[in-house]
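In case you want the letters, here they are:
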Amino acid sequence: MNRQHHQDEIIEGREITLTIFRYDPNNKESKPHYQDYKIAETPGMTLYIALINILTRIDHDLSFDFVCRAGICGSCAMVVNGKPRLACKTLTSEFTDGKITLLPLPTFQHIKDLSIDTGTWMNAMSVKVESWIHSKEQVDISKLEKPIEPEVADEVFELDRCIECGICLASCSTRVMREDFLGAVGLVRTARFAIDPHDERTDDDFYELIGDDDGIFGCMSLLGCEDHCPKDLPLQTKIAYMRRKMVEVK
Amino acid sequence: MQQEQIIELLTQKDAKKKKSRIPARLDYLQSATGLLLAIFMIFHMLFVSTILISKDFMLAVTKAFELSFIFEGGSSVPVFISIAIVFVIFIAHALLAMRKFPISYREYKRLKIHANLMNHADTKLWMIQAGTGFALFFLGSIHLYTMLTNPGNIGPYASSDRVYSDLMWPLYILLLIAVEFHGAIGLYRLSMKWGWFDKGDGKETRAKLKKAKIVLSGVMLVLGFATLFAYMQIGQEHKASYGERYYNETYPMEQK
Ligand code: HEM
Ligand code: SF4
Ligand code: FES
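Residues numbered from 1 in each chain as written. Chains lettered and ligands numbered in written order. Predicted model: local features only at pLDDT ≥ 70, side-chain atom pairs only at ≥ 80, totals over all residues. Heavy atoms only, no water.

## Quick look at the site of ligand 1
Residue and element names in this part refer to chain B.
Then, in step 1: Around ligand 1 lies a shell of 23 residues, among which Q30, S31, H93, W126 and H182 are the nearest.
Then, in step 2: H93 is positioned with one of its side-chain polar atoms (N or O) 2.7 Å from a nitrogen atom of ligand 1.
Then, in step 3: Those elements giving two or more residues to the shell around ligand 1 turn out to be α2 (22-48), α4 (77-97), α6 (121-148) and α8 (169-194).
Then, in step 4: Looking at the shell around ligand 1 residue by residue, the class counts come to 11 nonpolar, nine polar and three charged. (Near = heavy atom within 4 Å. Polar contact = N/O pair within 3.5 Å; in protein donor to acceptor, adjacent residues only side chain to side chain. Helix = DSSP H or I, 4+ residues; strand = E, 2+ residues; numbered from the N terminus. Nonpolar A, V, L, I, M, F, W, Y, C, P; charged D, E, K, R; others polar.)

Here's what the structure looks like:
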């Protein structure tokens, strides 16, 4: 992904145009359409700031989601000039022609304008892949935890950085074609637990969760997930890792 | 058997509440057949392109495949068997890979709009692979059937006559383009899909593999077109004596 910032090229206060998808599925009167907003750019302006600008000064009816404004919560994902990205981590200065088109993420329940519901799907995914440590061991919290290899811990923590933003699903054409496909976030979640020595599940157990064409075997390696994940998770290598494991299950 | 299948139909799992292992086997076989075909295509190219060196060399290679060191003058049986095996792998691969096509207008439309919206390189590569794969259903089948029914008619003049006088060259141009794109993208996809070279920095490896893919399809296309052109030229020169076979001292009388 091109994250080059054209900082020095900013013309103070140049006018930028945000073309935003507007639609309220719950309002019978509402028709899906694109609406242009022209605003003055300020130094270091992110799409979050630009949208707040529009909301407070131009259009109180515009809907979009934000919480952390720092690329941590995953709620501000949207399609920016065709690419699914986090709005709070995207600088308007990156777009040299000053034209930015914003769409809600596809494949999720649309709420209104740029606002979508990723939470319901992510919760269902967590349940589906049983996204928790499975262990029969009684934990004695008065004792030190069993140590694990630092490299293994790093690998697990690396995958724990997922913020469930939904960008991997919205950049996956397989998922757009086939709504039941689990997508990178779910597949890599199983990798997280398969790598973690605390989890006692076997490959057979994981096969029951992802061993079908909606799961690991549905992935066609288009790599949209890998190329758009804002947290740069190693999605391609970890999906391949799970595929190798699952294909060996007897 | 019958009851077990119905249980799976109703519950998506078998009577032991286990998921079927078949999808895993199919995914593996899809890749394995693709890999075999891709390797075969590379060697196939090396063999047919011997015509660029000389007619005698191409004849010697042909005779080696006819096992002329065992059968006096060569036999078409081993050639027939080899082609039949390739044909079976080809059909198996088509059957397995077909499962991935956008299979309804709805799927096709969603794929196309989404891919265009994102303008993402590897998604487009997949669409090229699916498109060329579809073309190969026809192009590959025609070629394989022709060869299956003419296993003894391979040689410097026999092949050139087929390319030029029997008008196979338009088909071969399309087949060459389709196969080289499909095969090279397929090998790149295989390495991503199974993580063949995942040691170290994944992103760097991927960039290198992508370059290798472009080089591979480039080299194969150049070699392929040079070879095709060579057969066309020989075929044109040989037009008047269509049907006559090439022979030399080592292999006198390449008979019909
Ligand atoms: C009727 C002919 C063919 C059809 C319909 C076809 C179709 C396809 C399709 C749709 C894919 C993508 C599968 C996916 O994304 O999971 C694919 C993969 C592949 N094809 Fe073909 N193909 C054909 C012939 C060939 C030939 C002749 C070669 C050899 C050059 C070949 C080599 C490959 C390879 C290496 C892959 C990657 C395998 C994988 O992703 O598991 N295919 N094929
Ligand atoms: S894997 Fe990456 S793109 Fe997918 S939900 Fe997690 S952070 Fe977002
Ligand atoms: S607002 Fe939290 S990630 Fe953008």
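## Regarding the side chain of E180 of chain B
Then, in step 1: Looking at where E180 of chain B falls in the secondary structure, it is placed in helix α8.
Then, in step 2: Comment: no salt bridge for buried E180 of chain B; closest opposite-charge side chain is K213 of chain B, at 11 Å. (Buried < 20%, exposed > 50% of the residue type's maximum accessible area, 1.4 Å probe, protein only. Lys, Arg positive; Asp, Glu negative; His and termini not counted. Salt bridge = Lys/Arg side-chain N within 4 Å of Asp/Glu carboxyl O.)

## Observations regarding the sheet that holds strand β3 (residues 77-80) of chain A
Strand pairs in the sheet, formed through backbone hydrogen bonds, run parallel or antiparallel to each other.
Residues and elements named next belong to chain A.
Then, in step 1: Taken together, five strands build an open sheet; the order of strands is β2-β1-β5-β3-β4 and the sheet is mixed. One side of each edge strand has no neighbouring strand; the edge strands of this open sheet are β2 (33-40) and β4 (83-86). Neighbour-to-neighbour, the strand axes of this sheet turn through a mean angle of 35°, independent of strand direction.
Then, in step 2: In the sheet, strand β1 (residues 15-22) pairs with strand β5 (residues 99-103) via four bridges, with the strands oriented parallel. What sits directly across from L18, in β5, is I100.
Then, in step 3: Taken strand by strand, helix α1 (residues 47-57) contacts β1, β2, β3 and β5, and its axis lies near 80° from that of β1. (Pairing = 2+ DSSP bridges. Axes fitted to C-alpha atoms, helices over the stretch in contact; angles between N-to-C directions. Contact = heavy atoms within 4.5 Å.)

## Details of the pairing of β1 of chain A
All names here are of chain A.
Then, in step 1: Of all eight residues making up β1, seven are buried, and the element is well covered by its neighbours.
Then, in step 2: Relative to β2, β1 is paired through eight bridges, and the arrangement is antiparallel. Looking at the pairing, F21 lines up with Y34 of β2.

## A short note on the coordination of the iron atom of ligand 1
Residue and element names in this part refer to chain B.
Then, in step 1: Around the iron atom of ligand 1, the protein supplies H93 (NE2) and H182 (NE2) as donor atoms, at distances of 2.0 to 2.1 Å.
Then, in step 2: One way to put it: the six donor atoms around the iron atom of ligand 1 meet at angles of 85 to 179°, and that makes the site octahedral. Of this pair, H93 sits in helix α4 while H182 sits in helix α8, and the two are 89 residues apart along the sequence.
Then, in step 3: The exposure class assigned to H93 is buried, which follows from its relative accessible area of 17%. (Donors = N, O, S within 2.8 Å, 3.2 Å for Na, K, Ca; no water. Tetrahedral: all angles 85-135°; square planar, octahedral: opposite > 155°, others 65-115°.)

## Some thoughts on the nonpolar core
Then, in step 1: Counting 73 residues, the largest nonpolar core has L18, I20, L51, L102, I210 and M246 of chain A as its most contacted members.
Then, in step 2: Looking at this core element by element, the count peaks at seven residues for helix α6 (residues 183-195) of chain A.
Then, in step 3: Counting the residues that make up this core, at least three belong to each of domain 1 (3-117) and domain 2 (119-247) of chain A.
Then, in step 4: Once you skip the residues sitting within four places of it in the chain, M246 of chain A turns out to touch D203, F206, Y207, I210, I216 and F217 of chain A together with A24 of chain B.
Then, in step 5: Among the nonpolar cores identified, the runner-up in size contains 29 residues, and L144, I154, V163 and M232 of chain B belong to it. (Core = buried A, V, L, I, M, F, W, Y, C linked by side-chain atoms within 4.5 Å. Domains from an automatic or database assignment.)

## Some words on the confidence of the model for chain B
Then, in step 1: Confidence along chain B averages 93 in pLDDT terms, with 98% of residues attaining 70 or more.
Then, in step 2: Overall fold confidence (pTM) sits at 0.91, and the ipTM for the predicted complex is 0.90. (pLDDT = per-residue confidence, 0-100.)

## Some words on the interface of chain A and chain B
Then, in step 1: Contact residues are listed per partner, giving 42 residues for chain A and 39 residues for chain B.
Then, in step 2: Note on chain A versus chain B: buried area summed over both sides is about 3500 Å², and carbon and sulfur give 48% of it.
Then, in step 3: Taken together, the links from chain A to chain B amount to 11 salt bridges.
Then, in step 4: Among the salt bridges present, the one from D227 of chain A reaches R206 of chain B, with a minimum N-O distance of 2.6 Å.
Then, in step 5: Across the contact surface, chain A and chain B share 29 residue pairs in polar contact (both at pLDDT 80 or more). (Buried area = accessible area lost by both parts, 1.4 Å probe.)

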